[in-house]
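# Overview (structure and organization)
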Amino acid sequence: MAMEKQMIVGEVPVSPFSRLFSMPGLDCFNIVTIGFKNEANPSAFIEGLKNTLLNHPRFSSILETEVGGKKAKWIPKKVKVEDHVVVPDIDPTIENPDQFLEDYTSNMVFSPIDMSKPLWEMHILNMKTSYAESLLVARFHHSLGDGMSLMSLLLACSRKTSDPEALPNLIAPKKSKVTNILWSLVARVWFIIRLMCNTFVEVFNFLLILCSVRDAATPLMEKPSATLSPNKFIHRVISLDDVKIVKNAMNMTVNDVIIGMVQAGLSRYLSQKYNSETNLKLKRSLENVCLRAVVFFNLRSNKKIEDLAKMMANRSTSRWGNSIGYVMIPLWMRSENDIFEYIRRAKTTMDRKKLSLEPLFSYVLLKLTVEVFGFKALRTLAMRIFGRSTIILSNVAGPSEEISLFDHQISYVAASISGFPQALIVHITSYVNKVIINLGVDLDVIPDPHHLCDHMVEALKMMKSAAEEKCSTDLNV
């Protein structure tokens, strides 16, 4: 009976998207950095991982790629947690811990991973940085799951700091209450009409971009000697309360403010680069710059953390994996006197994308491509999608309350991805009252990532100042 169960588990095929993220040129990893408020205890992590993560079949299986006509599949394997947890010796008198963390993460990302073991590893760093007393730096192969899957897994392994026996809560989207049946019917019909119109326009633009030339050359694009893959990862922690001040003043969403902040920061960075350019042939105006970003959309319905914890306890892989769609958004690159214009542009663009089926279309397009034409065509299509854009932009909402991982109270969670053919990846996560900006850059293209991040942070400060002034003016009127 046990052997029969083993065979059933062993015959689990690899999904098309997991296969895509393990192909040459798109060998992608999720990079997660978790800061703690206390010193890390490696023994507690090893014991905790045995009771949680190892119960998930994906994290106790190896990826067998296609060989001799056999399809790729997940093969169960006995896992020794100690082989996946690294505790390096760190000089306690190190001069710049933040710089050490950046270098350590970058070196870890590009070190080879043993394909004969499950494709994940965790490094515990007992050193104090600007934002934490100790850290956990984890690397997960993207074939194991997307960012939302991993965030859900983190929450399922964690417990509330206020109640060590309780699982964290996910923030469910608010549902509007129906007060008038006739009005509800009219609103639903109008919603469907707008959905169909937006889908037609956005899908048409998506296909048009695929057939067109890529973004114009800018200091954010590759150079002839560039590796064109992020090889430096930095992060900055800012206040979520500052973002909410702007959000409330503008009556928009946190996501609108974040994208507006990124657009404003990029505009300021490029404007400074162009103004300092001495070669007249390279000197340009922001008005002539056209940049696009690939934005990831989560296609899953909202699930309770309790369901995910039960899924892991039952060694099930249902609702797990890479379930993400893509959209391409134009970035507003202008020198605006009105700092709020970046947020308005972000809202207009994202509202259209959200009220369309473009994310689902991109998912179905990739899936049909692999089923009809095979994995080589899938890789070609994926490389064309990413090749028509300059930036990858992604954000994942974290818990709104303090949580602990294996009795270690979390200070912040930063995340990024490696392996995509872009010189800049902007990944935003939130945790309680913090927003973490994580930049993955190719140093051959962007040699000053901290300077770029400074511009984004400064843009938010300008937005907050303008929002407070706006609120003060409204109160005086």
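Just so we're clear, the structure is a prediction, and the values are computed from it rather than from any experiment. (Residues numbered from 1 in each chain as written. Predicted model: local features only at pLDDT ≥ 70, side-chain atom pairs only at ≥ 80, totals over all residues. Heavy atoms only, no water.)

Here we take up the pairing of strand β15 (residues 424-431). Counting buried residues along β15, eight of its eight residues qualify, which places the element largely inside the surrounding structure. Direction of pairing for strand β12 (residues 391-396) relative to β15: parallel, over a ladder of six bridges. Of the residues in β15, the one forming a bridge with S394 is H427. Here β15 pairs with strand β16 (residues 434-441) via eight bridges, running antiparallel. (Buried < 20%, exposed > 50% of the residue type's maximum accessible area, 1.4 Å probe, protein only. Helix = DSSP H or I, 4+ residues; strand = E, 2+ residues; numbered from the N terminus. Pairing = 2+ DSSP bridges.)

Our next topic: a nonpolar patch on the surface. Taken together, the side chains of L299, L357, L360, V364, L368, V372 and F373 present a nonpolar region at the surface, about 620 Å² in accessible area. Position of V372 among the secondary structure elements: in helix α11 (residues 358-373). (Patch = residues over 30% accessible without salt bridge, like charges linked within 9 Å, V, L, I, M, F, W, Y side chains within 5 Å. Areas by Shrake-Rupley, 256 points an atom, 1.4 Å probe, with all protein chains shown as cover. Salt bridge = Lys/Arg side-chain N within 4 Å of Asp/Glu carboxyl O.)

On to the pairing of strand β2 (residues 29-36), then. Looking down a regular strand, the side chains alternate between one sheet face and the other. Burial within β2 is extensive, with eight of its eight residues counted as buried. Burial along β2 is two-sided: F29, I31, T33 and G35 and N30, V32, I34 and F36, pointing in opposite directions, are all buried. Judged from the eight bridges that link them, β2 and strand β7 (residues 134-141) form a sheet pairing that is antiparallel. Bridging from a neighbouring strand, F29 pairs with H141 of β7. Bridge count between β2 and strand β14 (residues 408-418): eight bridges; the pairing is antiparallel. If you follow T33 over to β14, its bridge partner there is A414.

What follows concerns the nonpolar core. Within the largest apolar cluster, 55 residues are counted, with the highest numbers of intra-cluster contacts made by L266, L424 and L439. With ten residues, the top contributor of residues to this core is helix α8 (residues 254-275). Counting residues in hydrophobic clusters, the runner-up holds 49 residues, among them W120, M127, A132 and L144. (Core = buried A, V, L, I, M, F, W, Y, C linked by side-chain atoms within 4.5 Å.)

With that settled, the discussion passes to the pattern of salt bridges. Applying the stated criterion across every chain, the model contains 16 salt bridges. Here E102 makes a salt bridge to K232, at a shortest N to O gap of 3.4 Å. Residue E102 is found in helix α4 (residues 97-109), and its partner K232 is found in strand β9 (residues 232-239); the two are separated by 130 residues along the sequence. With respect to class, E102 is no different from K232; both count as buried. For the salt bridge of D103 with K232, the shortest nitrogen-to-oxygen distance reads 3.0 Å. Separated by 129 residues along the polypeptide, D103 in helix α4 and K232 in strand β9 bring together distant segments of the chain.

A separate point is the packing of aromatic side chains. Between two aromatic rings, the relevant description is the distance of the centres plus the angle of the planes. Counted according to the given criterion, the structure contains eleven aromatic pairs. Between the aromatic rings of F59 and W120, the centroid separation amounts to 6.4 Å while the plane-to-plane angle is 65 degrees, which identifies the pairing as edge-to-face. Taken together, the positions of F59 in the loop between α3 (42-51) and β3 (61-64) and W120 in strand β6 (residues 120-125) put the pair 61 residues apart, joining distant regions of the chain. Neither F59 nor W120 differs from the other in exposure class; each is buried. Aromatic side chains F296 and Y326 sit 5.1 Å apart centroid to centroid with 75 degrees between the ring planes, which places their arrangement in the edge-to-face category. Remark: Y326 occurs in strand β11 (residues 324-331) and F296 occurs in strand β10 (residues 291-298); sequence separation between them is 30 residues. (Phe/Tyr/Trp six-rings, centres within 6.5 Å; stacked < 30°, edge-to-face > 60°.)

Turning our attention to the sheet that holds β12. The strand order across the open sheet built from six strands is β9-β16-β15-β12-β10-β11, with neighbouring strands paired in mixed fashion. Unpaired on one side and paired on the other, β9 and β11 mark the two borders of the sheet. On average, adjacent strands in this sheet sit at an angle of 20 degrees to one another, irrespective of strand direction. In this structure, β9 lies alongside β16, joined through eight bridges in antiparallel fashion. (Axes fitted to C-alpha atoms, helices over the stretch in contact; angles between N-to-C directions.)

Bringing the environment of M456 into the picture now. Examined against the element boundaries, M456 turns out to sit in helix α13 (residues 449-476). When the C-alpha atoms of M456 and R268 are compared, they prove to be 8.4 Å apart, with 188 residues separating the residues in sequence. Not counting residues within four places of it along the chain, the set of residues in contact with M456 comprises M261, V262, G265, L266, V426, I437 and L439. (Contact = heavy atoms within 4.5 Å.)

Before going further, it helps to examine α8. Spanning 22 residues, α8 covers 31 Å between terminal C-alpha atoms, matching the ideal 32 Å at 1.5 Å per step. In terms of burial, α8 is a largely internal element, 17 of the 22 residues being buried. (Expected span 1.5 Å × (residues − 1).)

Read from one edge of the open sheet, seven strands run β5-β6-β7-β2-β14-β13-β8, paired in mixed fashion. If you trace the sheet from one side to the other, it starts and ends with β5 (85-86) and β8 (158-160), each paired once. Here α3 sits on the sheet in contact with β2, β5, β6, β7, β13 (403-405) and β14, set at roughly 155 degrees to β6. Packing of helix α5 (residues 147-157) onto the sheet brings it into contact with β2, β7, β8, β13 and β14, and relative to β8 it is tilted by some 60 degrees.

Within the fold, T429 resides in strand β15. A relative accessible area of 2% places T429 in the buried class. Reaching out from T429, the side chain makes a polar contact with the backbone oxygen of V413 at a distance of 2.6 Å. Non-local contacts of T429, meaning those with residues more than four positions away in its chain, are made with V396, V413, A414, A415, K434, V435 and I436. (Polar contact = N/O pair within 3.5 Å; in protein donor to acceptor, adjacent residues only side chain to side chain.)

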